[in-house]
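Topology and contacts: notes
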Number of protein chains: 2
Amino acid sequence: MSLLVRNLSEQLVELVRERILTGQVAADLPIRQDALAAELGVSKIPLREALARLEQEGLLRSQANRGFFVRSLSTEEAEEVYALRLKLEPATAARAAQSATDEERKLASDTLETLDRVTNEHGEGVGAFNRAFHLALLRPSRQAVTTNILERLHILSERYVRKHLEPLGRDERANEEHLQLFQAWLARDTDSVEELMRLHIVQTLEDLRRQLSPSR
Amino acid sequence: MSLLVRNLSEQLVELVRERILTGQVAADLPIRQDALAAELGVSKIPLREALARLEQEGLLRSQANRGFFVRSLSTEEAEEVYALRLKLEPATAARAAQSATDEERKLASDTLETLDRVTNEHGEGVGAFNRAFHLALLRPSRQAVTTNILERLHILSERYVRKHLEPLGRDERANEEHLQLFQAWLARDTDSVEELMRLHIVQTLEDLRRQLSPSR
DNA sequence: GCTGCGGATAATGTATACGATATCCGAATC
DNA sequence: GATTCGGATATCGTATACATTATCCGCAGC
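Computed from a prediction, not measured in an experiment: that's the story for all the values here.

When its secondary structure is counted, chain A shows nine helices and two strands. Secondary structure elements in chain A, listed N-terminal to C-terminal, are α-α-α-β-β-α-α-α-α-α-α. On the principal axes, the C-alpha backbone points of chain A span a range of 50 × 50 × 35 Å. The buried share of chain A, taken over its 216 residues, is 38%. Expressed as a percentage of contacts within chain A between residues at least 6 apart in sequence, the contacts between residues at least 24 apart total 72%.

Contact with chain A, which involves 27 residues of that partner, is made by 27 residues of chain B. Sorting the residues of the side of chain A that touches chain B by element identifies helix 3 (44-57), helix 4 (75-99) and helix 7 (144-165) of chain A as the ones contributing at least two each. When the residues that make up the side of chain A that touches chain B are grouped by side-chain class, the tally is nine nonpolar, ten polar and eight charged.

Here we take up the protein's contact with DNA strand C. As a matter of local geometry, DNA strand C sits amid 24 residues, with Asn7, Leu8, Ser43 and Asn65 of chain A together with Gly67 of chain B nearest to it. Contributing elements (two or more residues each) for the surface near DNA strand C: helix 1 (8-21) and helix 3 of chain A together with helix 2 (33-40) and helix 3 (44-57) of chain B. For the surface near DNA strand C, the class distribution of residues is nine nonpolar, eight polar and seven charged.

Ala93 and Val193 of chain A together with Ala93 and Val193 of chain B are the most contacted members of the largest nonpolar core, which has 66 residues in total. Setting aside residues up to four positions removed in sequence, valine 193 of chain B forms contacts with Ala93, Ala94, Ala97, Leu181, Ala184 and Trp185 of chain B. If you look at the next biggest cluster of nonpolar residues, it comprises 32 residues, including Ala52 of chain A together with Val16, Leu36 and Leu54 of chain B.

Mapping chain A onto chain B calls for a screw motion: a turn of 180° about the axis and a shift of 0.0 Å along it, with 0.0 Å RMSD after fitting. The symmetry that links the two subunits is that of a two-fold axis. Here 100% of the contact residues of chain A are again contact residues in chain B; the copies associate through an equivalent surface.

One frequent convention defines the size of an interface as the accessible area lost when the parts assemble. Residues and elements named next belong to chain A. With domains assigned, chain A is organised as domain 1 (2-70) and domain 2 (75-212). Summarising the inter-unit geometry, the C-alpha centres of domain 1 and domain 2 are found 25 Å apart. If you look at the interface, domain 1 gives seven residues, while domain 2 gives ten residues. In terms of residue count, the dominant contributor to the side of domain 1 that touches domain 2 is helix 1 (three residues). Across the side of domain 1 that touches domain 2, the residue classes tally to one nonpolar, three polar and three charged.

Taken together, 23 residues are adjacent to DNA strand D, and Gln33 and Gly67 of chain A together with Asn7, Leu8 and Ser43 of chain B come closest. Classifying every residue of the surface near DNA strand D by side-chain character gives nine nonpolar, seven polar and seven charged.

What follows covers the environment of proline 30 of chain B. Residues and elements named next belong to chain B. Inspection of the secondary structure assignment puts proline 30 in the loop between helix 1 (8-21) and helix 2. For proline 30, a count of 13 C-beta atoms within 10 Å puts it in the partly exposed group. Taking the C-alpha atoms as reference points, proline 30 and arginine 61, separated by 31 residues in sequence, lie 9.7 Å from one another.

Checked against the element boundaries, leucine 73 of chain A lands in the loop between strand 2 (67-70) and helix 4. Judged by C-beta crowding, with 17 C-beta atoms within 10 Å, leucine 73 of chain A ranks as partly exposed.

Below, the discussion takes up helix 4 (residues 75-99) of chain B. In an α-helix, one turn spans 3.6 residues; hence positions three or four apart end up facing the same way. The end-to-end C-alpha distance of helix 4 of chain B, which contains 25 residues, comes to 36 Å, matching closely the 36 Å that a straight helix rising 1.5 Å per residue would cover. Residue leucine 86 of chain B marks the point of greatest curvature in helix 4 of chain B, where the axis turns by about 30°; the proline proline 90 of chain B follows within four residues.

Residue and element names in this part refer to chain B. Phi at arginine 142 is positive, roughly 60°, even though this residue is not glycine. Inspection of the secondary structure puts arginine 142 in the loop between helix 6 (126-138) and helix 7 (144-165). Residue classification places arginine 142 among the partly exposed positions, given that 13 C-beta atoms sit within 10 Å.

A few words on the pairing of strand 1 (residues 60-63) of chain B. All names here are of chain B. Every second residue of strand 1 is oriented toward a common face, the buried set being Leu60 and Ser62 and the non-buried set Arg61 and Gln63. The pairing of strand 1 with strand 2 (residues 67-70) spans four bridges and is antiparallel. Note that in strand 2 the partner of arginine 61 across the bridge is phenylalanine 69. Linking two consecutive strands that pair antiparallel, namely strand 1 and strand 2, is a turn of three residues; a positive phi of about 65° is found at asparagine 65 within it.

Regions with low pLDDT carry predicted coordinates that are not meant to be interpreted in detail. Scored by pLDDT, chain A comes out at a mean of 93, with 97% of its residues at no less than 70. In the predicted assembly, ipTM is 0.92 and pTM is 0.94.

All right, on to the packing of helix 4 of chain A against helix 9 (residues 190-212) of chain A then. Any two packed helices are characterised by how steeply their axes cross, that is the angle between the axes, and by the distance between the axes. All names here are of chain A. Where helix 4 meets helix 9, the closest approach of the two axes is 8 Å, and the angle between their N-to-C directions is 165°. As judged from the angle between their axes, helix 4 and helix 9 are roughly antiparallel. Like other packed secondary-structure pairs, helix 4 and helix 9 cross with a definite hand, here right-handed. Each of Thr75, Ala78, Tyr82, Arg85, Leu86, Glu89, Pro90, Ala91, Ala93, Ala94, Ala97 and Gln98 in helix 4 lies in contact with helix 9, whose residues at this interface are Thr190, Val193, Glu194, Met197, Arg198, Ile201, Leu205, Leu208 and Leu212. When the residues that make up the contact of helix 4 with helix 9 are grouped by side-chain class, the tally is 14 nonpolar, three polar and four charged.

What counts as what
Residues numbered from 1 in each chain as written. Chains lettered and ligands numbered in written order. Predicted model: local features only at pLDDT ≥ 70, side-chain atom pairs only at ≥ 80, totals over all residues. Helix = DSSP H or I, 4+ residues; strand = E, 2+ residues; numbered from the N terminus. Buried ≥ 20, exposed ≤ 12 C-beta atoms within 10 Å, placed from the backbone. Contact = placed C-beta atoms within 7 Å. Nonpolar A, V, L, I, M, F, W, Y, C, P; charged D, E, K, R; others polar. Near = placed C-beta within 6 Å. Core = buried A, V, L, I, M, F, W, Y, C linked by C-beta atoms within 7 Å. Least-squares fit on C-alpha atoms with pLDDT ≥ 70 in both. Domains from an automatic or database assignment. Expected span 1.5 Å × (residues − 1). Bend = angle between axes of the 7 residues up to and from the residue. Pairing = 2+ DSSP bridges. pLDDT = per-residue confidence, 0-100. Axes fitted to C-alpha atoms, helices over the stretch in contact; angles between N-to-C directions. Parallel < 35°, antiparallel > 145°, perpendicular 65-115°, else oblique. Left-handed = near helix turned anticlockwise from the far one by under 90°.

What follows is the structure, encoded as structure tokens:
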């Protein structure tokens, strides 16, 4: 299991990503590399590699000699991300349900259990566990490129969910949907998986729209 | 136009990407960072940032303390990439045809002209111009995330096209298809754009399949 | 002859150092 | 008072240096 050996820059990707997703890094103003590196106890070199990766993920943008900036949110982007998920995620999850091995099914089950627990405890980093669960439903499709794209899309959508929906009690309702979805997935009922996944995405999007349209 | 100011690491992304796409970098063995950096007249720092970006693009993979490797090709990946393009590209091009400004239409026209010229001269870097043309047809959709994903998919598919199709005369035939497609795009004939784009992708995929299935 | 150990060598990954670029701010001019 | 210029300061981006880790290869043991 050499997957557990990871260099600094890859650890920093997750650390900084989490800060961005939780809104701890101000948008549209440059990330001070020396300051952040010092705060995290590292040098700029691995930090910059992490920032470059996060730019590729779509969380940051950069300007030459001016540095990296957190990208601002927009309703257009939210709509686009959810439209893409709708096009890709139901079919991929259905395919994964078909071809998942016992081991992968166990992993998905464990992941959902953890997500449940963390949600009920209102613990930190619910978003990351939510993402892990969805990915566990997708990875067994053996479609690496598609799964990778969907992972990116989840990361992007998480910013909107955390900002607009997490403050409300959306998480609990999502857990209901997760359970139903997971049971269909386990039963390899591909039609239900597709439909439930579609509904899960659509309902989240509609919750988001309600939050986005009137206030801001 | 400060877009023209670019730091070393971003220039290196394009340089190294081009080498990977043309098969100049051996797959599955580590990229020697010191050697490559010296050859390019830079240090490892910007090179590693470039390699990290290329890993996010899906061209490289990395192992901690062992470095970056060019990912090997597989028929599964080729099928997957083309399946994704089929799902996303026709609709996006159609949408872009609708909303393209005069300026964007001019840009697309110029890009096609350049591509034609370079193809007939059998010049270097046809692939990059091919990608530029397709992107010029997609960008006016104003769907940044989708366009970005499609750009990545084009980069991934280019490896297969260059390796298996470019040696043959596929480029000329593709140019015919490009012209038809572009005319429908200019005419904002969205139905034709969708259908021609679909055909263009399907036909390239079928050419690829013919090359992949018998020999290897 | 094959396998496992251990030191020498090579390569990766990160900290430090520094030149280049941008930003800030006060003074001079209109 | 508003604007432009120019020097001081801060920040970015990259080269150099070095610690850590992996790889290679000869030798001992079975």
